[in-house]
Every structure is written in C-alpha cells, then in structure tokens.
Amino acid sequence: MKLEHMDEDVRQIHEASMQILEKTGMKFHHPEIIELLQQKGITVFGQTAFFTREQIAEWVSKAPSVFTLYARNPQYDIVVGGDNVECCPGSGSPAISDSDGSKHPAMMSDYVNFLKLYHQSDIYKMNGGFVVQPADMSGKHGISMMLYATILLSDKGIITGTGPREEVQGVMDMLGIVFGKEELIQKPRAITIVNTNTPLQFDKNMLETMMVFVKHSQPVIIAACSMAGTTAPVTLAGTIALTNAEVLAGIAVSQMLREGTPVVYGSQTTTSDMKTGSIAIGSPEGALCYEYAARLAKAYGLPCRGGGSLTDAKSLSVQAGYESMLTYLVTQRAGMNLIFQSSGIMDGYASMSYEKFIVDLEIIKMAKRYLAGVKVNHDTLAVDVINEVGIAGQFLTTDHTMRHCRKEPFIPEISLRGTVIGDPSEQLLEKIRNRKDKMLATYQQPELPQEIQQQLIEYLVDKGFDAEYIKSLSQM
C-alpha cells in the first residue's frame, strides 16, 4: 500500500479511512473473529477492533492482485484483476417487474429462466448467486438448491449466495462433489459477496460466509453499500472514506484467516434520495462512488467489484435507459474487474425485469464499442479509397466498405433505426420480447456427468428437498 501511487484526492480519502479505523474502529459480531483479531495483535474492546494504518497496510498487502476463477467449462475461466473487466448477473431482487411497471414475486421458475438467459449471452462468463430471491424457495439450505440449479443449467463461473456457517458449508460440500475436495482447495471455483453492515459493522452470517469460503480457498468479495445522507455522510468524500474503511477492514480479516486468499475490493455505495430517504442507485453520485472505488482498489493493488446497469426507474422507460447507461459506462471505463448488477436490475434493486435484461445487453455492447475507441492506421484512414471515390461519389459499394461494414459500426439487436411505420414503442417492445423468447428457445443445457448429478440430488434429498422437485428444475 504505497501512498506515492495515489493522486491527491485518493490519498486524502485513504488518510480519512485510516483515521476512522484507528479512532472509531470496526465492530465484528462473531467471537471467533474477535479472538482471531486479538491473536494478530489488533486492539479490541468488546466486539470493536481498532486497526493502525500499519496493520491495515500489512494485511491488505498479502492479498493477491490477480487470480483466476475456474469454470466447469474452461472456456469461461476468467482472470480477476488487472485490466480485465467481466460482467456479472443481477442479485438479490425479490420481485419481477413487467414492462408496464407491475410486479409479482420472483419464483424459482424465474430464477431458472435468468440462469438460462445469462448462460445464453456471450457477454457473460459467470452465472448464479441470488439472481432473484424465489418466494417459493425460502428457508434453510435454499442457497444449496440455487447452487444446484446453477451447476445443472450452466457451466460458466459460479457465484453463490451467503448465509450461516452450516448452509455455506453445504455449498462447499456440493462444489466438492462437482470438482473434488482437493482440487477445490487448489483452484478457485466459486465466488460470493460478503457485505458490510454500514456503518462500520460485520454481522454473524457474513463473517461465517467469509470464514467458510476462506477455509476452502475460495474467493470472496468484501463489499459495502453505504448510502450518503442516511447510513453515511451526505458528502461523497466522507461516504467513500467510510466505505473504504469498512472494505479494508474486511480484506484484512480475510488475510488473517488465510494469507494469500483471493479477495476482491467491492462497493455498491451510492447516495440517498433526500426527499424520501430511499437508495438512489442510478444517480451520478453512485457512478462517482463506483469510479472512486475502482481507483482506490487499483492504488492498493486489489481486484475490484462494483457498478452495473443500475436504475431507480419503476418500469421500462427513458429513465431506466439513461440511468443504466450512465452507471454502466462509468464502471466499465473505470476498469471495474467484476461488474455486478449489469443487466435486468430495476427500482433500487427491488426487482428484475426480463425486458430490461435485453435492453441492458444492448447498453453493455454500446458502451464497450464506445470505449474501444477509433483504430487509426493506413487502412482505416482510407485515404486511397477517398481519393478513388472522389468528389460527389459514394462509398456504399466499395470493397473497403464490404471489408469493414460488419465490424466497424455497432449493429444493434433491438434499437429502431430508419423509417418506422406504426407505433415505435410497441415495435421496440416486440423486438425486446422476441429477443428474450429466442434466447430461451435456443437454450441448450450443458452436459453434467450423470454420476455427479445423482450425487448432488442425493445430497439435497438428505437436506430435506423433494427428489422429484429437484429433477423438475431442468424442465422449468
């Protein structure tokens, strides 16, 4: 952690974070973590730990700057860190939003549908987690059932849920069945998000999730979701400093549990709406918080997570479009390594939308094309072609246009261009729905060895799930 690598704004934020951890500290609601902190020489009073800047620097520096997350299908292995940017699914929404803004509870069938959609998209190399929270899959060991669905329906990199120690250990047991217990220790196979409880706390479930993942050498994302004006200072600099303090404390603990364990600096911090007190995820302040999170993480030499195609809009609307484009573009440009909530999310995380999922795929591709910039060389300058066509000529039928027409311009899948006869809003919505239906209709379930599948089913039956229900997932 070298201050000379930080610009002045980032250095001041870092300094403020160190003062927070030294003076106010961080509360850990778990006796085993408190004991660990004391063993490592951290000053503890009750459940509150006080870190010196030297201790933070020492422990954070032990985390790797880059690691590989290995998928069941090697073509989806990803490098987490450096300049690599990967899109990740939405997470945590309890409801589904229809195009008109009406909502209904998310069900396991919706969870399955979104797994299929993320699997079908060539943008994604990761799948799973709490894409939605199914109302018909609550209670103990629900994260195990969602993990089974992820393994069954996709062979991409795995995101999992969080919970108490017993439930998270179940996740590790299932990953051991699929990949082998020894290989699981050698290769990161799944990642999860360990959230802080702002301001300045970690709860028992999150700490137990961290402990189980780190024990099995699986990476964790330490993330804060501070809300400027409610759970954090209304000024963004103070909010970012608070977020930074929480995340660094969590990263330090992860390294105390197991030095060198892969860990990601995470932030979903944004502002609050001062009229209502609600979270404002599609705000320019949120975009700034994600940008600063990436800058801080890179200054510390850590992989980072944040951002997404975020909106507070209640329906598929112009608001959903401009807010999502802003937050995604900023996050991609900042080099955020893992961009969660990158498609489908709406209404301050309260719902997922099938239609917005498709729109966000277009937003992501447009943003990537913009950030790819302009390639300048002899061929692209096309001086010879311009001179050949001459004054008042046309370029449509030239060989140069034929060579470049499918790769130079962005070709939208749903956007309307040119003359439209009829209601353009209805036609756009029809294209969106047709795209979604085509993705689901062409989905093909990846192979999973029958022996492994049967072992997973037996494991879940032993946890109390109905065998026929488990088998029905692939027919949903």
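Structure report, in brief. (Residues numbered from 1 in each chain as written. Predicted model: local features only at pLDDT ≥ 70, side-chain atom pairs only at ≥ 80, totals over all residues. Heavy atoms only, no water.)

**What about a nonpolar patch on the surface?**
Inference 1: Nonpolar side chains collect at one region of the surface, where Val374, Val376, Leu381 and Val383 lie side by side and expose about 400 Å² of accessible area between them.
Inference 2: Position of Val383 relative to the elements: it lies in helix H14 (residues 383-389).
Inference 3: Note on Val383: relative accessible area 45%, which makes it partly exposed. (Patch = residues over 30% accessible without salt bridge, like charges linked within 9 Å, V, L, I, M, F, W, Y side chains within 5 Å. Areas by Shrake-Rupley, 256 points an atom, 1.4 Å probe, with all protein chains shown as cover. Salt bridge = Lys/Arg side-chain N within 4 Å of Asp/Glu carboxyl O. Helix = DSSP H or I, 4+ residues; strand = E, 2+ residues; numbered from the N terminus. Buried < 20%, exposed > 50% of the residue type's maximum accessible area, 1.4 Å probe, protein only.)

**Section: the sheet that holds strand S17 (residues 279-280)**
Inference 1: On the basis of which strands lie adjacent, the open sheet formed by three strands has the order S14-S16-S17 and mixed pairing. Every interior strand has two partners, whereas the edge strands, strand S14 (227-228) and S17, have only one.
Inference 2: With two bridges connecting them, S14 and strand S16 (residues 270-272) associate as parallel partners. Following the sheet pairing, Ala228 is matched in S16 by Thr271. (Pairing = 2+ DSSP bridges.)

**Some remarks on the pairing of strand S15 (residues 263-267)**
Inference 1: Taken across its five residues, S15 has five buried, putting it largely inside the fold.
Inference 2: Alternating positions in S15 separate into two faces, Val263, Tyr265 and Ser267 on one and Val264 and Gly266 on the other, with burial throughout.
Inference 3: Inspection of the sheet shows S15 paired to strand S18 (residues 304-306) by three bridges, in the parallel sense. Paired with Gly266 across the two strands is Arg305, which belongs to S18.

**Some points on the nonpolar core**
Inference 1: If you look at the biggest cluster of nonpolar residues, it comprises 125 residues, and the most contacted ones within it are Phe28, Leu37, Phe51, Phe114, Tyr148 and Tyr265.
Inference 2: By residue number, the principal contributor to this core is helix H9 (residues 236-257), which donates 12 residues.
Inference 3: When residues no more than four places from it in sequence are discounted, the contact partners of Phe51 are Leu21, Glu22, Met26, Phe28, Leu37, Ile42, Ile56, Ala249 and Met256.
Inference 4: In terms of nonpolar packing, the next biggest core, distinct from the first, is built from 14 residues, Phe67, Ile78, Met126 and Val264 among them. (Core = buried A, V, L, I, M, F, W, Y, C linked by side-chain atoms within 4.5 Å. Contact = heavy atoms within 4.5 Å.)

**What to know about the pattern of salt bridges**
A side chain of one charge can pair with a side chain of the opposite charge if their charged atoms are brought near each other.
Inference 1: Taken as a whole and judged by the stated rule, the model has 18 salt bridges.
Inference 2: Between Glu208 and Arg165 there is a salt bridge, and its shortest N-O distance comes to 3.7 Å. Note that Glu208 is positioned in helix H8 (residues 204-215) and Arg165 in helix H6 (residues 165-179), a separation of 43 residues in sequence.
Inference 3: Using a relative accessible area of 5% as the deciding quantity, one classes Glu208 as buried.
Inference 4: On the basis of relative accessibility, which here comes to 31%, the residue Arg165 falls in the partly exposed class.

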